[in-house]
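# Structure at a glance
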Amino acid sequence: MLTLLRTAALVLPLIAVAACDREGPAERAGKSLDNAGQSVKDAIDPPGPAEKAGRAVDKAVN
């Protein structure tokens, strides 16, 4: 019985982390709003070469 409880204690957090991998509609909408805000900001104050490089790195990592 104790072995079963220990196994469940190890497996359940892994299942919870795996479930967080999917994006829901609210997260997609939030990302869309973030991108729109960034586009407006870029139209007012264009990014320099260093900021563009940083964004490229961020996209590659994510």
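How each quantity is defined
Residues numbered from 1 in each chain as written. Predicted model: local features only at pLDDT ≥ 70, side-chain atom pairs only at ≥ 80, totals over all residues. Heavy atoms only, no water. Helix = DSSP H or I, 4+ residues; strand = E, 2+ residues; numbered from the N terminus. Rg over C-alpha atoms; globule rule 2.2 N^0.38 Å. Buried < 20%, exposed > 50% of the residue type's maximum accessible area, 1.4 Å probe, protein only. Areas by Shrake-Rupley, 256 points an atom, 1.4 Å probe, with all protein chains shown as cover.

With that settled, the discussion passes to the overall build of the protein. Scanning the protein from N- to C-terminus turns up three helices and zero strands. Helices and strands appear in the protein in the N-to-C order α-α-α. Against the 2.2 N^0.38 benchmark of 11 Å for 62 residues, the protein shows a C-alpha radius of gyration of 20 Å, more extended than a compact globule. Structurally, the protein occupies a C-alpha span of about 65 × 25 × 10 Å along its principal axes. Counting only residues that meet the buried cut, the protein has 3% of its 62 residues in that class. In the form shown here, the protein has an accessible surface area of approximately 5,600 Å², with 66% of it arising from carbon and sulfur atoms.

Inspection of the secondary structure assignment puts Lys52 in helix H3 (residues 49–61). Separated by 21 residues in sequence, Lys52 and Lys31 have C-alpha atoms that sit 19 Å apart.

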